[in-house]
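Spelled out from the first residue to the last, the chains are:
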Amino acid sequence: MFAIPFIVFGLIILLSAFFTVKQQSAAIIERFGKFQSIRHSGLQMKIPIIDRIAGRMSLKIQQLDVIVETKTLDDVFVRLKISVQFKVISQKVYDAFYKLDYAHDQITSYVFDVVRAEVPKMKLDDVFVKKDDIAIAVKTELNDAMSDYGYDIIKTLVTDIDPDAQVKAAMNRINASEREKIAAQFEGDAARILIVERAKAEAESKRLQGQGIADQRREIARGLEESVDVLNRVGINSQEASALIVVTQHYDTLQSIGEHVNSNLILLPNSPQAGSDMLNNMVASFTASNQIGEAMKEAKKKKNDNPNN
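Residues numbered from 1 in each chain as written. Predicted model: local features only at pLDDT ≥ 70, side-chain atom pairs only at ≥ 80, totals over all residues. Heavy atoms only, no water.

Describing unusual backbone geometry
A positive phi angle is found at I49, which is not glycine, with a value near 70°. Its place among the elements puts I49 in the loop between β4 (42-45) and β5 (51-58). (Helix = DSSP H or I, 4+ residues; strand = E, 2+ residues; numbered from the N terminus.)

Concerning the confidence of the model for the protein chain
In low-pLDDT regions, the fine details of the predicted coordinates are not to be read closely. Per-chain confidence: the protein chain averages 79 in pLDDT, with 75% of residues scoring 70 or above. The weakest mean pLDDT in the protein chain belongs to helix α7 (residues 238-259) at 64; the strongest belongs to strand β7 (residues 77-88) at 92. (pLDDT = per-residue confidence, 0-100.)

Points about the side chain of T72
Of note, T72 is situated in the loop between β6 (62-71) and β7. There is a polar contact of 2.4 Å between the side chain of T72 and the side chain of D74. If sequence neighbours within four positions are ignored, T72 has contacts with V78, V119, P120, M122, K123, L124 and V127. (Polar contact = N/O pair within 3.5 Å; in protein donor to acceptor, adjacent residues only side chain to side chain. Contact = heavy atoms within 4.5 Å.)

Some words on the nonpolar core
With 35 residues, the main nonpolar core has L80, V111, I134 and Y151 as its most contacted residues. Secondary-structure elements contributing two or more residues to this core are β2 (25-31), β6, β7, α2 (93-98), α3 (103-118), α4 (124-129), α5 (131-146) and β8 (151-163). Element by element, the count of residues in this core is highest for β7, at 6 residues. (Core = buried A, V, L, I, M, F, W, Y, C linked by side-chain atoms within 4.5 Å. Buried < 20%, exposed > 50% of the residue type's maximum accessible area, 1.4 Å probe, protein only.)

Quick look at the structure:
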C-alpha cells in the first residue's frame, strides 16, 4: 500500500520526460536555467526536473499591421498602413528567442522611422504613385536590422493611404471639376459637329433645290419652245404664239386657284374682254419691240458702214 504513491509519482516523472512539438514551431529547452537545445516538430524527450521547456516559437509567416501618421512635402497629414510579413529563421531560433523580447515593438519602431524619413520627401500625389518605393525602403531597413535577431522580412506592403478628411474632400472636388470640364468639352465638340453637319445638310438642300428649280425652268422653256414651233407650223407667227401661250397660262392659273377650297382670296381682273385685251396688248407689245429692234440693228449697221461720219 505504501508503494502505490511512489509508483504514481514515478509514472508522472516518466511521462513528463516526453513532450510534443507542433509542426512549423520550435521548443527551447533549458537545463538549470541554461540553454540546452532547440527541438523541432514531433515527439521529443527531456530529463525530468532537470530540463524544462523555456518557450515555444512559431516558424510560420506572421503579419504585423502598423499605422503611421506623418506629413508630406506639401504639408498634408496622411496616415499610412504598412503591413509587414515576417517569420523566424529556423536556423536562428536561438537569436530570436534570447536576443529580442518584443519583436513586434522592434519592427514597429523601424517602420515608423523609415516612413517618417521617406514620406516627408514626397508630395501627396507622389505618395500614392510611389507607395511601392516606400514599401521597398521599409523592407530593406527591416531586413538589415532584424536579420541579426533571427527574423526574416518576407514582404512589406503599403495597404492604405488615408489623407486628412478635408484634403480628400478637396481632391474629390478637383477630380469632379476636371471631369465636368472634360464633359463640357465633349458636349461643345458634339454641338459644334451638329451645327456643322446641319449647315452642310442645309447647303446641300439649297443646292438640290436650286438645281430642281433650274431643271423646272429649263423644262418650261423647252415646252414653250415646242409650243411655239407647233403654232408656227399652223400659220401663227412667234409674237402671236407667245401671246396665246401667256393667255392660256393665265386661264390655267385661274382654274388651278378655283380648284382649292381653302385657298386664300386673290383678286384678279377677269372681265369678258380681259383675255382679248391681254392678247391684243401682248401682240402690240411684241410688234413694237420687234420694230424697235430692227431699227436699232439698222442704225448700228449704218454706223459700221460709215465709221467716219
